[in-house]
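# Coordinate analysis (summary)
Here are the chains, one letter per residue:
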Amino acid sequence: MTQERTAGALLVMIGMFLLIKPKATWKMTEQWKNNDVISPSSRYITTVRIVGGVACILGVLLSAGVIG
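In this text the structure is predicted, and so the values were computed from the model without any measurement. (Residues numbered from 1 in each chain as written. Predicted model: local features only at pLDDT ≥ 70, side-chain atom pairs only at ≥ 80, totals over all residues. Heavy atoms only, no water.)

### With respect to the overall build of the protein chain
Along its length, the protein chain carries 3 helices and 0 strands. Along the chain direction, N to C, the helices and strands of the protein chain fall in the order α-α-α. For 68 residues, the compact-globule estimate of 2.2 N^0.38 gives 11 Å, and the C-alpha radius of gyration of the protein chain, at 14 Å, exceeds that figure by more than 25%. Each principal axis of the C-alpha atoms in the protein chain carries an extent, and together these give about 45 × 20 × 15 Å. Taken across its 68 residues, the protein chain has 22% of its residues classed as buried. Accessible surface, the protein chain as shown: approximately 5000 Å² in total, 66% of it carbon and sulfur. (Helix = DSSP H or I, 4+ residues; strand = E, 2+ residues; numbered from the N terminus. Rg over C-alpha atoms; globule rule 2.2 N^0.38 Å. Buried < 20%, exposed > 50% of the residue type's maximum accessible area, 1.4 Å probe, protein only. Areas by Shrake-Rupley, 256 points an atom, 1.4 Å probe, with all protein chains shown as cover.)

### Things to note about a nonpolar patch on the surface
On the surface, a nonpolar cluster with roughly 600 Å² of combined accessible area is contributed by Ile50, Val54, Ile57, Leu58, Leu61, Val66 and Ile67. Within the secondary structure layout, valine 54 lies in helix H3 (residues 42–64). (Patch = residues over 30% accessible without salt bridge, like charges linked within 9 Å, V, L, I, M, F, W, Y side chains within 5 Å. Salt bridge = Lys/Arg side-chain N within 4 Å of Asp/Glu carboxyl O.)

### Structural notes on helix H1 (residues 2–20)
If you check H1, its first and last C-alpha atoms are 27 Å apart, about what 19 residues at 1.5 Å a residue would give, namely 27 Å. Restricting attention to buried positions, one finds in H1 the residues Gly8, Gly15 and Leu18. Each buried residue of H1 sits inside an arc of 90 degrees when the element is viewed along its axis, so together they form one side. Along H1, exposed side chains directed more than 90 degrees from the buried face belong to Thr2, Arg5, Met13 and Ile20. Buried residues in H1 make contact with helix H2 (22–29) and H3. (Expected span 1.5 Å × (residues − 1). Arc of directions from axis to C-beta. Contact = heavy atoms within 4.5 Å.)

### Considering the packing of H1 against H3
Running from N to C, H1 and H3 cross one another at 160 degrees; their axes reach a closest spacing of 7 Å. As judged from the angle between their axes, H1 and H3 are roughly antiparallel. Once H1 is placed against H3, the crossing between them reads as left-handed. Mapping the contact onto sequence places Glu4, Arg5, Ala7, Gly8, Ala9, Leu11, Val12, Gly15, Met16, Leu18 and Leu19 in H1 and Val48, Arg49, Val51, Gly52, Gly53, Ala55, Cys56, Leu58, Gly59, Val60, Leu62 and Ser63 in H3. Grouping the constituent residues of the contact of H1 with H3 by class yields 14 nonpolar, 6 polar and 3 charged. (Axes fitted to C-alpha atoms, helices over the stretch in contact; angles between N-to-C directions. Parallel < 35°, antiparallel > 145°, perpendicular 65-115°, else oblique. Left-handed = near helix turned anticlockwise from the far one by under 90°. Nonpolar A, V, L, I, M, F, W, Y, C, P; charged D, E, K, R; others polar.)

Structure below.
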């Protein structure tokens, strides 16, 4: 059960980072691909926040033992 809780906590932390700092995620993963673009599109930010929310929910469920 310890591995599930650790994985759940990790998912929650990653999800929170994606929810709170989507532009930082873009800078780390996508900025180098675009020479002319200074900031991410609103569609990218929305998508990253949705993925972050799903990761948080899955992390909580995994930590609680509902899934896994």
